[in-house]
Number of protein chains: 2
Amino acid sequence: MLVVKKFGGTSVGDKDRIVNVAKRCIEEYQKGNDVVVVLSAMGKMTDELIAKAQEINPNPSRREMDMLLTTGEQTSVSLMAMAMDALGVPAVSLNAFQVAMHTTSVYSNARIKRIDTDRILNELEQRKIVIVTGFQGVDRFDNYTTLGRGGSDTTAVALAAALHADACEIYTDVDGVYTADPRKVPDAKKLSEITYDEMLEMATLGAGVLHNRSVELAKKHDVQLVVRSSMTQEEGTVVKENVRKRTSEISGVAGDDDAARISVLGVEDIPGMAFKIFNVLAKKNVNVDMILQSVGHGNKKDISFTVKEGDMELAVKALEDHLPDDAYEGINYTAEMAKVSIVGVGLRNHYGMAARMFQALYEANINIRMISTSEIRVTVLVNKEDMEKAMIAAHGAFKL
Amino acid sequence: MLVVKKFGGTSVGDKDRIVNVAKRCIEEYQKGNDVVVVLSAMGKMTDELIAKAQEINPNPSRREMDMLLTTGEQTSVSLMAMAMDALGVPAVSLNAFQVAMHTTSVYSNARIKRIDTDRILNELEQRKIVIVTGFQGVDRFDNYTTLGRGGSDTTAVALAAALHADACEIYTDVDGVYTADPRKVPDAKKLSEITYDEMLEMATLGAGVLHNRSVELAKKHDVQLVVRSSMTQEEGTVVKENVRKRTSEISGVAGDDDAARISVLGVEDIPGMAFKIFNVLAKKNVNVDMILQSVGHGNKKDISFTVKEGDMELAVKALEDHLPDDAYEGINYTAEMAKVSIVGVGLRNHYGMAARMFQALYEANINIRMISTSEIRVTVLVNKEDMEKAMIAAHGAFKL
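Calculation criteria
Residues numbered from 1 in each chain as written. Chains lettered and ligands numbered in written order. Predicted model: local features only at pLDDT ≥ 70, side-chain atom pairs only at ≥ 80, totals over all residues. Heavy atoms only, no water. Phe/Tyr/Trp six-rings, centres within 6.5 Å; stacked < 30°, edge-to-face > 60°. Helix = DSSP H or I, 4+ residues; strand = E, 2+ residues; numbered from the N terminus. Buried < 20%, exposed > 50% of the residue type's maximum accessible area, 1.4 Å probe, protein only. Core = buried A, V, L, I, M, F, W, Y, C linked by side-chain atoms within 4.5 Å. Contact = heavy atoms within 4.5 Å. Domains from an automatic or database assignment. Buried area = accessible area lost by both parts, 1.4 Å probe. Polar contact = N/O pair within 3.5 Å; in protein donor to acceptor, adjacent residues only side chain to side chain. Nonpolar A, V, L, I, M, F, W, Y, C, P; charged D, E, K, R; others polar. Salt bridge = Lys/Arg side-chain N within 4 Å of Asp/Glu carboxyl O. UniProt positions renumbered as here; feature names shortened; annotations may be inferred. Pairing = 2+ DSSP bridges. Axes fitted to C-alpha atoms, helices over the stretch in contact; angles between N-to-C directions.

I keep staring at the packing of aromatic side chains and nothing clicks. Help me out?
Aromatic ring pairs are described here by two measures, namely the spacing of the ring centres and the angle between the planes. All names here are of chain B. All told, the structure shown has 7 aromatic pairs over all chains when counted by the stated rule. Arranged with centres 4.4 Å apart and planes meeting at 15°, the rings of F7 and Y171 form a pair that is stacked. With F7 in strand β1 (residues 2–7) and Y171 in strand β9 (residues 167–172), this residue pair connects regions lying 164 residues apart in the sequence. Given a relative accessible area of 0%, F7 falls into the buried group. Both rings, one in F278 and one in F305, keep their centres 5.2 Å apart while their planes meet at 70°; by these two values the pair is edge-to-face.

Rendered as structure tokens:
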């Protein structure tokens, strides 16, 4: 059996944790399995490197930033190999060049294109544990790239796919995926299984156990993931295509308290107005989330959407500067909003789930400001101060 | 003109020094020259990485140690590229993979075999300053290697040779090569020129401005070196094949106060005894320096040699354990010795130089314990407490 195990920065944050991870991998190895370990940079190392760079250049080139940051994972993997060696197990560390982890050339946000598996398979054949740098790749010009947020998860999934691994385990500081954030919803329970699609919706909604790109990749290559804790031996949550029947129609409730609502009012009801608005925002790199267009009154309509709170002023100013004055009547906006969502494949086939959520919020006396839905998700925008109450209400309504 | 500039760890020890080096390189660039910069790891970074490794594994594999250490130079070069970029000059950092710095597979002490110059030439053509990691290479299995002590100097010389550079400048914390260590001989003067061979003898003798391997490589490829300070604008010392006529027959006086003398007494005067003795020491990795064999008395002779003080006890014990008891009569040894040498191509053709040195030491009332010579060097072993007095006496005798 070939197992890929990924450990994040907290799990390798100091000497003792490195040794702990080494032991954990050795247990797997001693069952006779082939073990490939993917590591992030140690604890705060990436932040420290960024601070060092900022001191020298407040706006460093992304190419050089990636060159600097890749030293982080290389440090982790070499120290891990030493730790395993000290425990009497042969290990070898490999960086993105040595694996040949080919990516696109988009510095700081590259995508994996192809992985050469020869070197890894060769080392596994010699019964070594193979320790690979997460997060980093090499483009076709031999420049280092990095994969952006959650990049090491993506590395692990890509390796599992390329190596046709039997398991891909993502170790983190929580012991699985919960029906809601336990810090916000005391009744939250750990899920034993969740589908890729549900995980994707949860990830987007800020229940950030796994990064989206890694889940997408796992879905694409049908790599079954296990999310579990590096600190305990508890079973984690399996992320896969289909799950067994659940007692609840939904898999979880997610909350994201970084939202602001912007409404462009009295927009002329002619084709192309939505394009104009969102094009202005795209040019300013403002990410737009929930979008809602009112049914027109006469020849006017309103277009509302949410952005991250930090982007609100920039977005409003960009619209005021770049939309023709006669194209709309006004803009209004509110910060301090939050998104609360229910997610579950059950929403596909069960009617009335949205209604049940709205009822729960109504009974909790929470005002809904916007609604948006996908096939397996219902999201409402509420005042930030109401977020936790809304999450608890929704969680309770679905007997999670 | 293509100039290779190498800066050591002290020269890039912190933010201000990095910016200082960046400015220095930009001056050269703005003259219209092509500039290739070779950097070591920042200040104490290598020591810190070694300490980190030791914490996890007191005896780490050299392969993993090299994997860890190469992050040091990669950090320096990326930060340097950011510094130059902040000063408005395009720069690109390259590590051993990106340059394709091919070495042998001897971890921690590899030798450069071949450098691909395509990438560097390409970047220079785009009028970028190219910043290359010193000290590190890649073997034919894509493993990182390091070049051992003074490795960044070697990188610089090898690059200068491969690129047919017009100049190779080694920046250090002294402003050149002196006729003697100024801390020990107050009259010491900076040399404007020195030959490769003299530099090699000086380096071996502890006047460690340049590491031997880099000087050997420079001699082999006829790369003219300049040793100068990164802190001042002073002219440095040029290291080359031939020097102009000097006022003194010698180029300098060197002292090394880390020496112990060991004598194996009453060794049977038959072939193979010297081999046996030095083979025992080689197996224990004891480096032997000055070797002296007395003319035999009857069928017995004495064999004396020097080792580093720290190796003395190990060496004596190894000899006692592994030489047959009847092969010698006894061993005596003295720690706290020092070697004092005069070096100069002038010694080749001028008779009486050794005698002039011995006379100066005699007049200074210094006892000579052993003598050894090469074509361009005379070395004497004296008591450690006499070293500085001996250096001053020799320095004065040759009107340096």
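Let us keep going from here.
What is the right way to look at the nonpolar core in this model?
When a protein is soluble and globular, its nonpolar side chains tend to lie buried together. I129(A) and I129(B) are the most contacted members of the largest nonpolar core, which totals 154 residues. With residues up to four places along the chain from it excluded, the contact list for I129(A) reads C25(A), I26(A), Y29(A), V35(A), V37(A), M84(A), V89(A), P90(A), A91(A) and V92(A).

For this particular structure, what's the right way to read the domain arrangement of chain A?
Size of an interface, as often reported, equals the accessible area lost when the parts are brought together. Under the domain assignment used here, chain A contains domain 1 (2–173) and domain 2 (253–397). Domain 1 of chain A and domain 2 of chain A are separated by 38 Å when their C-alpha centres are compared.

Whenever I open this one, the interface of chain B and chain A confuses me. Can you help?
On the side of chain A, 39 residues touch chain B, which itself brings 39 residues to the contact. Of the roughly 3,300 Å² buried between chain B and chain A on both sides combined, carbon and sulfur atoms contribute 60%. Summed over the shared surface of chain B and chain A, the result is 18 residue pairs in polar contact (both at pLDDT 80 or more). Mapped onto the side of chain B that touches chain A, the elements with two or more residues apiece are α1 (15–30), α2 (45–56), α3 (62–86), β3 (91–94) and α4 (96–99) of chain B. Counting residues per element, the side of chain B that touches chain A draws most heavily on α3(B), at 17 residues. Grouping the constituent residues of the side of chain B that touches chain A by class yields 19 nonpolar, 12 polar and 8 charged.

When you look at unusual backbone geometry in this model, what are you seeing that I'm missing?
If a residue is not glycine, its phi is most likely negative; likewise, a peptide bond is most likely trans. Residues and elements named next belong to chain B. Residues other than glycine seldom take positive phi values, yet A100 does so here, at roughly 70°. Mapped onto the secondary structure, A100 falls in the loop between α4 and β4 (101–103). With a phi close to 75°, F135 is a non-glycine residue in the positive phi region. The residue F135 is located in the loop between β6 (129–133) and β7 (136–138) in this model.

Quick question: what am I supposed to make of the pattern of salt bridges here?
A pair can form between side chains of opposite charge whenever their charged atoms are brought close. Counted under the stated rule, the structure contains 48 salt bridges over all chains. Among the salt bridges present, the one from R114(B) reaches D116(B), with a minimum N-O distance of 2.9 Å. Salt bridges linked by common partners bring K5(A), E28(A), K31(A) and E169(A) together as one network.

What should I look at first to understand the UniProt feature "domain: ACT" (unreviewed entry) in chain A in this one?
The UniProt entry lists residues 262–345 of chain A under the feature "domain: ACT" (unreviewed entry), expressed in the numbering used here. In residues 262–345 of chain A, helix accounts for 26% and strand for 38%; the two terminal C-alpha atoms are 30 Å from one another.

Would you mind showing me how to read the sheet that holds strand β1 (residues 2–7) of chain A here?
Hydrogen bonds between backbone atoms are what pair the strands of a sheet, whose relative direction is either parallel or antiparallel. Residues and elements named next belong to chain A. Read across the open sheet, the 8 strands follow the order β3-β6-β2-β1-β9-β11-β12-β10; overall the sheet is mixed. Taken across any chain shown, the strands that pair with only one partner, and hence form the sheet edges, are β3 (91–94) and β10 (193–195). Within the sheet, the average angular offset between the axes of one strand and its neighbour, ignoring direction, is 20°. Alignment of β10 against strand β12 (residues 237–240), held across 3 bridges, turns out to be parallel. Residue pairing for β12: T195 is matched across the bridge by K240. Packed onto the sheet, helix α1 (residues 15–30) meets β1, β2 (34–39), β6 (129–133), β9 (167–172) and β11 (225–229) and runs at close to 170° relative to β1.

Would you mind going over the sheet that holds strand β13 (residues 252–268) of chain A with me for this structure?
Residues and elements named next belong to chain A. As summarised here, the arrangement of the 6 strands in space is β14-β15-β13-β16-β18-β17, forming an open sheet in which the pairing is antiparallel. Pairing within the sheet leaves two strands with one partner each, and these edge strands are β14 (291–293) and β17 (370–374). With direction set aside, neighbouring strand axes in the sheet form an average angle of 30°. As paired strands, β13 and strand β15 (residues 300–307) are joined by 7 bridges and run antiparallel to one another. Looking at the pairing, E268 lines up with K300 of β15.

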